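Next come the chains, spelled out residue by residue.
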Amino acid sequence: MMLLRLAVASLLARWITVGLTIFAIALSVALFLGVEKTRTGARESFADTISNTDLIMGARSGSVQLLLYSVFRIGNATNNITWQTFEDIASRPEVAWIVPISLGDSHRGFRVMGTTDAYFERYKYRGGRALAFARGGPFADLFDAVIGADVAAQLNYKIGDPIVVAHGLASFTEHDDKPFRVAGILAKTGTPVDRTVMVSLEAIEAIHVDWKGGARSGPAISAEAVRQMDLNPQAITAAMIGVKSRLQVFALQRAINEYPQEPLLAILPGVALQELWGIVGIAETALIGVSAMVIATALLGMAAMIFSGLNERRREMAIFRAVGAGPQVIAAMLVIEAVLLTLAGIVLGVALLYTGLWVARPYIDAAYGLYLPITGLTGREFYVLASVLGASALVALVPAVRAYRLSVADGMTVRI
Amino acid sequence: MTDTAENRTALRLSAVSFAWRGKVPFRIEIPALDVPSGEKLVLLGESGSGKSTLLSLICGILSPDQGTISIAGHDLAAMRGRARDRFRAEQIGVIFQQFNLLPFATPLDNVLLPLQFARQRRARLTDPRAEAMRLCAQLGLAEGLIRHARAADLSVGQQQRVAVARALIGSPALIVADEPTSALDAAAQSAFLDLLFAQAGAAGSTLIMVTHDNRLADRFDRVLNLQDIAQITHQAAA
């Protein structure tokens, strides 16, 4: 007990080097835990983005690609589905509900999605939560738009504000002849919906009625004239499907995948997400590897710090030897010192992590749509921290062995 | 400790030989040295006369190549490393020339330090802290200084007195002092010896002091010149 107290006093006497070492360990631990928390937070956030949707249907491509563009608004569809096919699938007996979505246009960096009113009822997130309107309501007019919470916040839109949709995703050509009106603003969900402008499928059709192949063609048709036209959609990008019975999911998936008239792909969102993790997992492993290296570096720095201090502390060791401490006691005290240092580093690192999470959470949410939950340390994280503590004792063996040898050689006399 | 005749001899060296096998080979031989219990012995020797080696041998930090060293009847050579460390903790109090104390600890912790390694010495004390305070008071050290100051904040003279208290706590059989007065001025040296003798006498400890300063020699029971009892050979020269 007294030896422990002396070890602490010895550390306090060298508080600058000791403090820097503790800080280095704390930073490395905070980095590791931060990566870990972001990783699990991102997974949860992704998994929470869509729920209660049994299948997503799109043109045939990769399942991850379909998931990314239809749910996460990342990347683009390679092809569309004809409206004929959509109606064909919709009429199948297994289908309880189906919501078409049409992507491809944008508004000031936010994606525009054509859909139906059913989207607001059927889209569910975070374990079955439904979308809610913070203000306004669903589409009442052809040129009504519903915007996500982030769109409203960043562009400072209110109900009734005009919106001009741009053709394509990064384009200077705008559908400025047919402006929209903000009819509804959705409550914050923490999903890509927050960053989406939703309009009706008919409106998507209407703004493209005088377009062909990405450019204006033929005489312009005014917004008033277009209301009189047949605005039944020609094609959609993807569709969200709910089945009547979970048992029918695979049968319907097979039917869609083998649909003879058009190459289609149906995916189970959860399965596609797993596939996505398979890909992202490599980057995750790399990140974890790098942060583990940072911890290793900090621990080696600590060992070097203890090691370089040994020469000045030979006097101290000689005193311990004179009062009857064996060389093994001196070696053990260095290991205890390292473990104490690391423990302080871990405690400070955990404090840094939670302060950092608390401070950075709103920014991460705003910038990446990633809402990191502040949760306690998991068993896995405790296990990692315990390993760090164990590793510190292990690397401390290097200076400890050196101290052992020095104290055997020096005995009570130090020739400095 | 059973044989009373052995009990009366605090330290006995016979036919001891030890060689350093370093870059500067060096051999010390001590045919015989007996120190009766309770004696105050001074060994005079210049630096390079084997003082440090002799002290390390007596304290069991070094083992002789030949011969026996026994303290209070116990042969050091018969003990293994860990047992020898424990034996040193129990039987010997050491006072260095200077830098005696752990600089980051309080003087009180410094005084109590040997008791961590010496169970019997601690068992002799009902209240180690009170005993440490008593010793320090006897050595003229203020209580506040002992409890709260850091050892590094003490003057050299104060540090040497704390070192005496540490050597004496729990009454070890033998006090070994390596030039404990060399860092003190003449007046302080004499006062320091007064305190050391008084406390060693009160504890019943044998005192062996090594010094190059023969001005203090006449205050001891016995004076020995190191070159009379030990032969040094530098094998490199031969």
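For clarity, every value in this text was computed on a predicted model and none was experimentally measured.

Q: Tell me what's going on with the overall build of chain B, and back it up with residues and numbers.
A: A tally of helices and strands in chain B yields ten helices and ten strands. In terms of principal-axis extent, the alpha carbons of chain B reach across some 55 × 40 × 35 Å. For chain B, the proportion of contacts with a sequence separation of at least 24, taken over those separated by at least 6, is 79%.

Q: Now, about the overall build of chain A: what can you tell me, with residues and values included?
A: A count of helices and strands for chain A gives 14 helices and 16 strands. The dimensions of chain A, computed from C-alpha atoms along their principal axes, are 105 × 45 × 35 Å. For chain A, the proportion of its 416 residues judged to be buried stands at 39%. Considering only contacts in chain A between residues 6 or more positions apart, those separated by 24 or more positions represent 79%.

Q: Run through the packing of helix 10 (residues 269-309) of chain A against helix 14 (residues 397-410) of chain A, naming residues and quoting values.
A: Residue and element names in this part refer to chain A. In contact at an axis separation of 8 Å, helix 10 and helix 14 are set at 15 degrees when each is read in the N-to-C sense. Here helix 10 lies roughly parallel to helix 14, going by the angle between them. Judged by the twist between their axes, the crossing of helix 10 over helix 14 is right-handed. Between helix 10, through A303, I306 and F307, and helix 14, the contact on the second element is made entirely by V398, P399 and R402.

Q: Tell me about the nonpolar core, residues and numbers included.
A: If you look at the biggest cluster of nonpolar residues, it comprises 111 residues, and the most contacted ones within it are A165 and V176 of chain B. V176 of chain B has contacts with L55, I58, C59, I92, V94 and I208 of chain B, leaving out every residue within four places of it along the chain. Counting 64 residues, the second largest nonpolar core, distinct from the first, contains I50, I101, I163 and A183 of chain A.

Q: Requested: an account of the sheet that holds strand 9 (residues 222-225) of chain B, with residues and values cited.
A: All names here are of chain B. Here we have five strands laid out as an open sheet, ordered 6-7-8-3-9, and parallel in their pairing. Of all strands in the sheet, those bounded by a partner on one side alone are strand 6 (92-95) and strand 9. On average, each strand axis in the sheet is inclined to that of its neighbour by 15 degrees, with strand direction left out of account. Pairing analysis gives five bridges linking strand 7 (residues 174-178) to strand 8 (residues 206-211), with the strands arranged parallel. From the neighbouring strand, A177 faces strand 8, where its bridge partner is M209.

Q: Which residues make up the interface of chain A and chain B, and what values go with them?
A: Size of an interface, as often reported, equals the accessible area lost when the parts are brought together. Taken together, the contact pairs 19 residues of chain A with 25 residues of chain B. Listed by contribution, the elements that provide at least two residues to the side of chain A that touches chain B are helix 1 (2-13) and helix 11 (314-322) of chain A. For the side of chain A that touches chain B, the leading source of residues is helix 1 of chain A, giving seven residues. For the side of chain A that touches chain B, a count of residues per class yields eleven nonpolar, five polar and three charged.

Q: Requested: an account of the sheet that holds strand 2 (residues 26-36) of chain B, with residues and values cited.
A: Strand pairing in a sheet relies on backbone hydrogen bonds, with the paired strands running either antiparallel or parallel. Residue and element names in this part refer to chain B. The five strands lie next to each other as 5-4-1-2-10, forming an open sheet whose pairing is antiparallel. Two strands close off the open sheet at either side, each with one partner strand: strand 5 (74-75) and strand 10 (231-233). Strand direction decides the pairing type here: strand 1 (residues 9-20) and strand 4 (residues 66-71), joined by five bridges, are antiparallel. Within strand 4, the residue paired with S17 across the bridge is Q66. Relative to strand 1, helix 2 (residues 51-58) is tilted by about 125 degrees, and along the sheet it contacts strand 1, strand 2 and strand 4.

Q: An account of the environment of A386 of chain A is needed here, citing residue identities and associated values.
A: Residue and element names in this part refer to chain A. With respect to the element layout, A386 can be found in helix 13 (residues 379-395). Residue A386 is classed as exposed on the basis of its C-beta count, with 11 C-beta atoms lying within 10 Å. On a C-alpha basis, the gap between A386 and I346 in space is 9.5 Å, while along the polypeptide they are 40 residues apart.

Q: Residues and numbers for unusual backbone geometry, please.
A: The phi dihedral of N156 of chain A is positive, around 55 degrees, even though this residue is not glycine. By the element assignment, N156 of chain A lies in the loop between helix 6 (149-155) and strand 9 (162-163). Even without being a glycine, A15 of chain B presents a positive backbone phi close to 50 degrees. If you trace the backbone, A15 of chain B turns up in strand 1. Judged by local crowding, A15 of chain B falls into the exposed class, with 12 C-beta atoms found within 10 Å.

Q: Could you give an account of helix 13 of chain A, naming the residues involved and the relevant values?
A: Residue and element names in this part refer to chain A. In this model, helix 13 (17 residues) spans 24 Å end to end at C-alpha, consistent with the 24 Å of a helix rising 1.5 Å per residue. Listing the buried residues of helix 13 in full gives V384, L385, V388, S392 and V395. For helix 13, the angular spread of buried residues about the axis comes to 95 degrees, placing them on one side. Exposed residues pointing more than 90 degrees away from the buried face of helix 13 are listed as G379, R380, F382, Y383, A386 and G390. On its buried face, helix 13 sits against helix 2 (15-49), helix 10, helix 12 (327-368) and helix 14.

Q: Can you break down the pairing of strand 15 (residues 238-243) of chain A residue by residue, with the values?
A: Residue and element names in this part refer to chain A. In terms of burial, strand 15 is largely enclosed, as five of its six residues are buried. By the bridge criterion, four bridges tie strand 1 (residues 55-59) to strand 15 in an arrangement that is antiparallel. Note that in strand 15 the partner of M57 across the bridge is A239. Sheet topology note: the strand 3 (residues 95-107)/strand 15 ladder contains six bridges and is antiparallel. Looking across to strand 15, one finds that I98 is bridged to I241.

Q: Outline the packing of helix 1 of chain A against helix 12 of chain A, supporting the account with residue identities and numerical values.
A: Residues and elements named next belong to chain A. In contact at an axis separation of 10 Å, helix 1 and helix 12 are set at 65 degrees when each is read in the N-to-C sense. At the point where helix 1 passes helix 12, the crossing takes the right-handed sense. Across the interface between the two elements, L3, L4, A7, V8 and L11 from helix 1 touch M333, I336, E337, L340 and L341 from helix 12. Among the residues making up the contact of helix 1 with helix 12, the classes are represented as nine nonpolar, no polar and one charged.

Q: Run through the confidence of the model for chain B, naming residues and quoting values.
A: Residue and element names in this part refer to chain B. Residues of chain B with pLDDT of at least 70 account for 95%, and the chain-wide mean is 86. For chain B, the element scoring lowest by mean pLDDT is helix 1 (residues 4-7), at 50; helix 4 (residues 107-112) scores highest, at 93. Throughout residues 1-6 the model reports pLDDT below 50, and contacts reaching past four residues in sequence, or to other chains, amount to five contacts. In the predicted complex, the global pTM is 0.78; the interface-specific ipTM is 0.88.

About the criteria used
Within each chain, residues carry numbers counting from 1 in the order of the written sequence. Here every chain gets a letter starting at A, and every ligand a number starting at 1, in the order they are written. With the structure being a predicted model, the display of local features is reserved for residues of pLDDT at least 70 and the display and counting of side-chain atom pairs for 80 or more, all residues being used for whole-chain, interface and lining totals. Secondary structure elements follow DSSP: runs of H or I of four or more residues count as helices, runs of E of two or more count as strands, with numbering from the N terminus. Here, residues touch in the contact sense if the C-beta positions derived from the backbone fall within 7 Å of one another. Buried, partly exposed and exposed are defined by the number of other C-beta atoms within 10 Å of a residue's own C-beta, namely 20 or more, between the two limits, and 12 or fewer respectively, with C-beta atoms placed from the backbone. Axes here mean lines fitted to C-alpha atoms, for a helix over just the part in contact, with angles spanning 0 to 180 degrees between N-to-C directions. If an angle is under 35 degrees, it is roughly parallel; if it is over 145, roughly antiparallel; if it lies from 65 to 115, roughly perpendicular; otherwise it is oblique. Should the near helix be turned counterclockwise from the far one by less than a right angle, the crossing is left-handed, whereas a clockwise turn marks it as right-handed. Any set of buried Ala, Val, Leu, Ile, Met, Phe, Trp, Tyr and Cys residues joined through C-beta atoms within 7 Å is what this text calls a nonpolar core. Two strands are said to pair when DSSP picks up at least two bridges between them. As a working rule, the residues Ala, Val, Leu, Ile, Met, Phe, Trp, Tyr, Cys and Pro are called nonpolar, Asp, Glu, Lys and Arg charged, and the rest polar, with Gly in that last group. Working rule for helices: expected span equals 1.5 Å times residues minus one. Think of the arc as the fan of directions from the helix axis to the C-beta atoms. Per residue, pLDDT captures the predictor's confidence, and it can take any value from 0 to 100.

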